Amino acid sequence: MHTVITLGTLADNYTFVLESQGEAVVIDPGEASPVLRTLERLGSRLLAVLCTHAHFDHTGGNQELVRRTDCEVLLPDDSGADRMLGVGPFEFTVLGTPGHSADSVCFYLPEVDGQPGDVFTGDTMFCGGCGRLFTRSPEAMWASLCKLAALPPETRVFCGHDYTLENYEFAVTLEPENSALRARLAEARRLASDGSVTVPSTIAAECATNVFLRAADPNLRRVLGMESATDVEVFAEVRRRKDRF
Ligand code: ZN
Ligand code: FE
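What you are looking at is a predicted structure, and each value in this text was computed from that prediction instead of being measured.

## Side note on the overall build of the protein
Consideration 1: Each helix and strand counted, the protein has nine helices and 13 strands in total.
Consideration 2: Taking 245 residues into account, the globule formula puts the C-alpha radius of gyration at 18 Å, and the protein, at 18 Å, falls close to it.
Consideration 3: Across its three principal axes, the protein shows a C-alpha extent of roughly 55 × 40 × 35 Å.
Consideration 4: Considering only contacts in the protein between residues 6 or more positions apart, those separated by 24 or more positions represent 60%.
Consideration 5: Total accessible area on the protein stands at roughly 10700 Å², and carbon and sulfur atoms take up 51% of it.
Consideration 6: Of note, the protein has its 22 positive side-chain charges centred 6 Å away from the centre of its 35 negative side-chain charges.

So, in structure tokens, the structure goes:
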């Protein structure tokens, strides 16, 4: 069993400290100081920094954390292959999820003893959104999003940025009749006005309300005038429209 502590870092990044019996790992430390304060409060030893990809807003705290704690830094490679990664008590599956960047990965902890699994999605999947396609490959991103959507529905989703409200405001323009989406938008407005975090989501909630996963939906296709297009073509059009939103 572990706990996940969500930290807001930089302008709108999320950094996650995972703690289990005095040992911790941190995922995507955009900056070091909130992480160091959390470790001190917990009295936990930092074993490693894990990064979902090498962009500065996910790695900016790495050097200072190494200097202050002597932890390891585990940066992704860009092989795209899934692999196991054990760090102390944490047994991650590293999912290769290229699309936002060639080196993007997600860190998955499967469910144990009735505690649902967790997936840390960086800039691949957001609550209600997905990352920009710096690879220019909608095919790669679509395959990566499908890999995440296939995880167990109760899996908790921890993403790399809080773009939640803006994502749902965009999505309702394309899915005005999606009542689950409208409920998520109302909830996101409430959380934004409280200044609360919007993670975790779940895979089930993303499948129901994340327009970037919903390329097969007939109503979405009708709104886009793309009834006979492939799923990748529909996804790519949704992404293009978001880029201009
Ligand atoms: Zn990024
Ligand atoms: Fe980012």
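## Section: the environment of L191
Consideration 1: Its location among the elements puts L191 in helix α6 (residues 179-194).
Consideration 2: Taking relative accessible area as the criterion, L191 reaches 14% and is therefore assigned buried.
Consideration 3: The spatial distance from the C-alpha of L191 to the C-alpha of I203 is 20 Å, given a sequence separation of twelve residues.
Consideration 4: Apart from residues lying up to four places away in sequence, L191 is in contact with S196, V197 and T198.

## Focus on the coordination of the zinc ion (ligand 1)
In ideal tetrahedral geometry, four donors around a metal make angles of 109.5 degrees, whereas ideal octahedral geometry with six donors gives angles of 90 or 180 degrees.
Consideration 1: Distances from the zinc ion (ligand 1) to its protein donors, H53 (NE2), H55 (ND1), H100 (NE2) and D123 (OD), fall within 2.2 to 2.3 Å.
Consideration 2: Taken together, the four donor atoms surrounding the zinc ion (ligand 1) define angles of 89 to 176° at the centre, an arrangement classified as irregular.
Consideration 3: Spacing between the donor residues of the zinc ion (ligand 1) along the chain follows H-x1-H-x44-H-x22-D.
Consideration 4: A relative accessible area of 0% means that H53 is categorised as buried.
Consideration 5: When its relative accessible area of 27% is taken as the criterion, H55 is described as partly exposed.

## Concerning the pairing of strand β8 (residues 105-109)
Consecutive residues of a regular strand have side chains that alternate between opposite faces of the sheet.
Consideration 1: Across the five residues that make up β8, a large majority, five, are buried.
Consideration 2: Taking every second residue as pointing to the same face, both faces of β8 are buried, with V105, F107 and L109 on one and C106 and Y108 on the other.
Consideration 3: Where strand β7 (residues 90-96) lies against β8, four bridges are found, and the strand directions are antiparallel. By the bridge assignment for β8, V94 is matched with F107.
Consideration 4: Bridge count for β8 against strand β9 (residues 118-122) is three bridges, and the pairing is antiparallel. Paired with F107 across the strands is F120, a residue of β9.

Rules used throughout
- Residues numbered from 1 in each chain as written.
- Chains lettered and ligands numbered in written order.
- Predicted model: local features only at pLDDT ≥ 70, side-chain atom pairs only at ≥ 80, totals over all residues.
- Heavy atoms only, no water.
- Helix = DSSP H or I, 4+ residues; strand = E, 2+ residues; numbered from the N terminus.
- Rg over C-alpha atoms; globule rule 2.2 N^0.38 Å.
- Contact = heavy atoms within 4.5 Å.
- Areas by Shrake-Rupley, 256 points an atom, 1.4 Å probe, with all protein chains shown as cover.
- Lys, Arg positive; Asp, Glu negative; His and termini not counted.
- Charge placed at Lys NZ, Arg CZ, Asp CG, Glu CD.
- Buried < 20%, exposed > 50% of the residue type's maximum accessible area, 1.4 Å probe, protein only.
- Donors = N, O, S within 2.8 Å, 3.2 Å for Na, K, Ca; no water.
- Tetrahedral: all angles 85-135°; square planar, octahedral: opposite > 155°, others 65-115°.
- Pairing = 2+ DSSP bridges.

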